[in-house]
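Residue-level listing of the chains:
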Amino acid sequence: QIQLVESGGGLVQAGESLRLSCGASGGDFSKYTMGWFRRAPGKEREFVAAIGWGGATSYYADSVKGRFSVSRDDAKNTVYLQMNSLKPEDTAIYFCAANQWATPRAMVTVGGSFGQGTSVTVSS
């Protein structure tokens, strides 16, 4: 069972950037599609972005397209989420997810194994 640990969250002002990291252990990281989800206060968890094997394919929620970028480093068993031009509505707990069978687009609905999350707060 793959285990995921997120880091990099914090408090930033609107317009600033933040990079989240997610380290994985307990599985063959290179064979997992990796994704990011978030849960805003009072809302359900939603898909943010995902990246496939070797980084060849990726998929983004419309709300973050053009501002966020997902990448992976298989040598470090780590997936990243670069978040630029942050908005107050990006405030949420961000979760890393791993799925051995789904494509990046399929992770929107099927999710995967989740980490504990890291908190991001964007002030206006």
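This text follows the structure it describes.
Residues numbered from 1 in each chain as written. Predicted model: local features only at pLDDT ≥ 70, side-chain atom pairs only at ≥ 80, totals over all residues. Heavy atoms only, no water.

1. Some words on the overall build of the protein chain
Inference 1: Helix and strand content of the protein chain: 1 helix and 11 strands.
Inference 2: Listed by position from the N terminus, the elements making up the protein chain come as β-β-β-β-β-β-β-β-β-α-β-β.
Inference 3: A compact globule built from 124 residues would reach a C-alpha radius of gyration of about 14 Å, and the protein chain, at 13 Å, matches this within 12%.
Inference 4: Taken over 124 residues, the protein chain has a buried fraction of 43%.
Inference 5: A separation of at least 24 residues holds for 59% of the contacts in the protein chain among residues at least 6 apart in sequence.
Inference 6: Here the protein chain has roughly 6300 Å² of accessible surface; of this, 47% comes from carbon and sulfur atoms.
Inference 7: Averaging the locations of the 12 positively and 10 negatively charged side chains of the protein chain gives two centres separated by 2 Å. (Helix = DSSP H or I, 4+ residues; strand = E, 2+ residues; numbered from the N terminus. Rg over C-alpha atoms; globule rule 2.2 N^0.38 Å. Buried < 20%, exposed > 50% of the residue type's maximum accessible area, 1.4 Å probe, protein only. Contact = heavy atoms within 4.5 Å. Areas by Shrake-Rupley, 256 points an atom, 1.4 Å probe, with all protein chains shown as cover. Lys, Arg positive; Asp, Glu negative; His and termini not counted. Charge placed at Lys NZ, Arg CZ, Asp CG, Glu CD.)

2. Structural notes on the state of the cysteines
Inference 1: The tally for this structure, following the rule as stated, stands at 1 disulfide.
Inference 2: Covalently, Cys22 is tied to Cys96 through a disulfide, its sulfur atoms 2.2 Å apart. Judged by the sign of its S-S torsion, about -85 degrees, the bond between Cys22 and Cys96 is left-handed. With a gap of 74 residues between them, Cys22 in strand E3 (residues 18-25) and Cys96 in strand E9 (residues 92-99) connect regions that are remote in the sequence.
Inference 3: The exposure class of Cys96 is buried, given its relative accessible area of 0%. (Disulfide = S-S within 2.5 Å.)

3. A look at the sheet that holds strand E8 (residues 78-83)
Inference 1: The strand order E1-E3-E8-E7 describes an open sheet built from 4 strands, whose pairing is antiparallel. On the outer flanks of this sheet lie strand E1 (3-7) and strand E7 (68-73), each paired with one strand and no other. Sheet twist, expressed as the average angle between the axes of neighbouring strands with direction ignored, equals 20 degrees.
Inference 2: Pairing between E1 and E3: 5 bridges, direction antiparallel. Directly across from Ser7, in E3, lies its bridge partner Ser21. (Pairing = 2+ DSSP bridges. Axes fitted to C-alpha atoms, helices over the stretch in contact; angles between N-to-C directions.)

4. Thoughts on the nonpolar core
Inference 1: With 35 residues, the main nonpolar core has Met34, Trp36, Val79, Leu81, Met83 and Tyr94 as its most contacted residues.
Inference 2: Sorting the residues of this core by element identifies E3, strand E4 (33-39), strand E5 (45-51), E7, E8, E9 and strand E11 (118-123) as the ones contributing at least two each.
Inference 3: Not counting residues up to four positions away in its chain, the partners in contact with Met34 are Leu4, Phe29, Ala49, Ala50, Ile51, Arg72, Val79, Cys96, Ala97, Ala98 and Met107. (Core = buried A, V, L, I, M, F, W, Y, C linked by side-chain atoms within 4.5 Å.)

That is the geometry; function is a separate question.
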